[in-house]
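In case you want the letters, here they are:
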Amino acid sequence: MDMETIKDLYFNDKGFIFDPDSGAIFSLNTTGAFIIKQLQKGVPVKRVLAEMKKDFDVDEGTAQRDLREFLDMLAAFGLLAKAPA
Amino acid sequence: MKYHVAVTGLNATDDPNPGLGVIRSLREKEGWEGQLRVIGLAYDALDTGIHSPELVDEVYLLPYASQGTASLIHRLREIRQKTRIDVVIPTLDGEQLNFCQAAPILRTIGIRMLLPSESQIRLHFKHTLADFCLAHEIPTPRTLVIYESRQLEEAIGTLGYPLVLKGILHEAHMAYTYHQAQAYFEVLRARWGVPLVAQEHIAGDGGGVIALCDRKSKPVGMVAMKKLATTDKGKAWSGVTVKDEELLRLSTRILEDLKWVGPAELEFVRQAGSGKPYLLEINPRFPNWAYLAARAGQNLPAAAVQLALGKAVTCADGYQEGVIYVRHAQDIVCSMDQLAQIASRGELVLRKSGKRSMNGKGTASKSLL
């Protein structure tokens, strides 16, 4: 869970995302925008989880599940960077 | 700036919203240059007019009309805290009732409108128009209201082929067989609900009248247009102003009978052979060819702003006939920053007060998820 890095995406602080490869546009909620921002800064996933617990009123289990689901969604939409061969 | 006018209906597809023509009319009002700020009110970040820098100075997204009047009032209060709005001109059928119901509250925050009453707005529900025409002896195609597909047989028996099937607010299809009628019935029911109307088809030349009535229901301006070319959906793509005195007289009578207030579009067809005019629709808003009327000498959107503000208006007595419009589709290029701003913040300022010109460069998006 700690290996995911995000692709180089256009995004703004309101959760608007543009994938320049596919041309797809996404709109994220506050939590999603928070996670993407951290990942774009190169923050490791474990740290993102810790930051989420700090910034949001959420318990460890819920935060972990939400983060995992969100990362899976990013992967499904092709927004995660491919691991180097 | 003297006039801060908000206009809805900014999307120009093959059946363009009227807001764009309304704004172009306002922009060309003599003496208003430098005196007008246009606030666009849109429903989607990709509404084309948002990205036309010559039209709007700033844009705000509204909640969809289906979310109701309270939601509209709430959003307009938010927008009003950010920018001044003196007058709103709503131009879409589906939003008119919400704006009409919101009018008294919007007035308390300084926003004025010139709108028909609720009962007049309901006349553009196609099943109520037939009753009105019958009661006022206005020629209109024979119409039956349909709730279930089994009523189609009776409608076909009475009205014959081709049978025109219309959704309660939008969309019409012509059916030439029973199976076609059944298929269109299901499409319209799924999209717009019931009732539908079944109408006899009157073959002939299509056209319309744009009109504006003051608060005392006195028509202050009126222009007749004949369609020259239509899209495959039957929507006008080109038209010409005509001095059709019969249509103008009939429109005046209809609007006076209705005690109409505000803008209106009356759609007619002149029967081939007999030349008899049949009223097809009354829409409680400006048509999407309002700019043609302005260029022909009657700038009714500008007059609507002045009337909404309680000013006296004198419109030109007549207008120039033989003025033609032809629609033209254009690709607008804008930056991702621009789209991101309107999509994620619901607002976009293209020009600060007192400045003109701005256009971004970049790549247009392929899809909006």
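What counts, and at which threshold
- Residues numbered from 1 in each chain as written.
- Chains lettered and ligands numbered in written order.
- Predicted model: local features only at pLDDT ≥ 70, side-chain atom pairs only at ≥ 80, totals over all residues.
- Heavy atoms only, no water.
- Helix = DSSP H or I, 4+ residues; strand = E, 2+ residues; numbered from the N terminus.
- Buried < 20%, exposed > 50% of the residue type's maximum accessible area, 1.4 Å probe, protein only.
- Rg over C-alpha atoms; globule rule 2.2 N^0.38 Å.
- Contact = heavy atoms within 4.5 Å.
- Areas by Shrake-Rupley, 256 points an atom, 1.4 Å probe, with all protein chains shown as cover.
- Lys, Arg positive; Asp, Glu negative; His and termini not counted.
- Charge placed at Lys NZ, Arg CZ, Asp CG, Glu CD.
- Pairing = 2+ DSSP bridges.
- Axes fitted to C-alpha atoms, helices over the stretch in contact; angles between N-to-C directions.
- 1 Å grid on protein atoms, 1.4 Å probe; cavity = no way out; pocket = protein on both sides within 12 Å on 5 of 7 lines; lining within 4 Å.
- Points joined across faces, edges and corners; volume = space filled by probe spheres on them.
- Nonpolar A, V, L, I, M, F, W, Y, C, P; charged D, E, K, R; others polar.
- Domains from an automatic or database assignment.
- Salt bridge = Lys/Arg side-chain N within 4 Å of Asp/Glu carboxyl O.
- Polar contact = N/O pair within 3.5 Å; in protein donor to acceptor, adjacent residues only side chain to side chain.

Considering the overall build of chain A
Helix and strand content of chain A: three helices and three strands. Along chain A, helices and strands appear, N-terminal first, in the series β-β-β-α-α-α. By its C-alpha atoms, chain A is 35 × 30 × 20 Å across when sized along the principal axes. Burial statistics for chain A: of 85 residues in total, 41% are counted as buried.

A look at the overall build of chain B
Within chain B one finds 11 helices and 15 strands. At 21 Å, chain B has a C-alpha radius of gyration in line with the 21 Å of a compact globule built from 369 residues. Projected onto its principal axes, the C-alpha positions of chain B cover 60 × 50 × 40 Å. Sorting the 369 residues of chain B into buried and exposed places 54% on the buried side. A separation of at least 24 residues holds for 65% of the contacts in chain B among residues at least 6 apart in sequence. Put simply, chain B shows about 16600 Å² of open surface, and 50% of that area lies on carbon and sulfur atoms. Charged side chains in chain B number 43 positive and 39 negative. The centres of these two groups are separated by 7 Å.

Notes on the environment of Leu248(B)
Residues and elements named next belong to chain B. Tracing the chain through its elements places Leu248 in helix α8 (residues 245–258). Looking at Leu248, the relative accessible area reads 11%, which means it is buried. Not counting residues up to four positions away in its chain, the partners in contact with Leu248 are Val209, Met222, Val223, Ala224 and Tyr319.

Topic: the sheet that holds strand β3 (residues 25–27) of chain A
Strand order in the open sheet formed by three strands is β1-β2-β3 (chain A), and the pairing between neighbours is antiparallel. Of all the strands in the sheet, the pair left with one neighbour each is β1 (10–11) and β3 of chain A. With two bridges connecting them, β1(A) and strand β2 (residues 16–18) of chain A associate as antiparallel partners. The residue of β2(A) that forms the bridge with Tyr10(A) is Phe18(A). The strands touched by helix α11 (residues 336–345) of chain B within the sheet are β1, β2 and β3 of chain A, with β2(A) carrying the most contacts at an inclination of about 145 degrees.

Remarks on empty space enclosed by the protein
All names here are of chain B. All told, the structure shown has three cavities of 30 Å³ or more when counted by the stated rule. By volume, the largest cavity is sized at about 70 Å³. Every residue lining the largest cavity is listed: Val87, Val88, Ile89, Pro90, Met113, Leu114, Leu115, Pro263, Phe286, Ala304 and Ala308. Where the lining of the largest cavity is concerned, the elements lending two or more residues are β4 (87–89) and α10 (300–308). If one sorts the elements of the lining of the largest cavity by residue count, β4 sits on top with three residues. Looking at the lining of the largest cavity residue by residue, the classes come out as 11 nonpolar, no polar and no charged.

Structural notes on the domain arrangement of chain B
In terms of domains, chain B is made up of domain 1 (3–113 + 333–349), domain 2 (142–200) and domain 3 (203–326). A separation of 28 Å is found between the C-alpha centroids of domain 2 of chain B and domain 3 of chain B.

So, the side chain of Asp47(B)
All names here are of chain B. With respect to the helices and strands, Asp47 occurs in the loop between β2 (36–42) and β3 (58–61). Look at Asp47: it is buried, it has no salt bridge, and the nearest opposite charge is Arg75 at 12 Å. A polar contact is formed between the side chain of Asp47 and the backbone nitrogen of Tyr43, at a distance of 3.1 Å. Look past the residues within four positions of Asp47 in its chain and what remains in contact with it is Leu10, Asn11 and Ala42.

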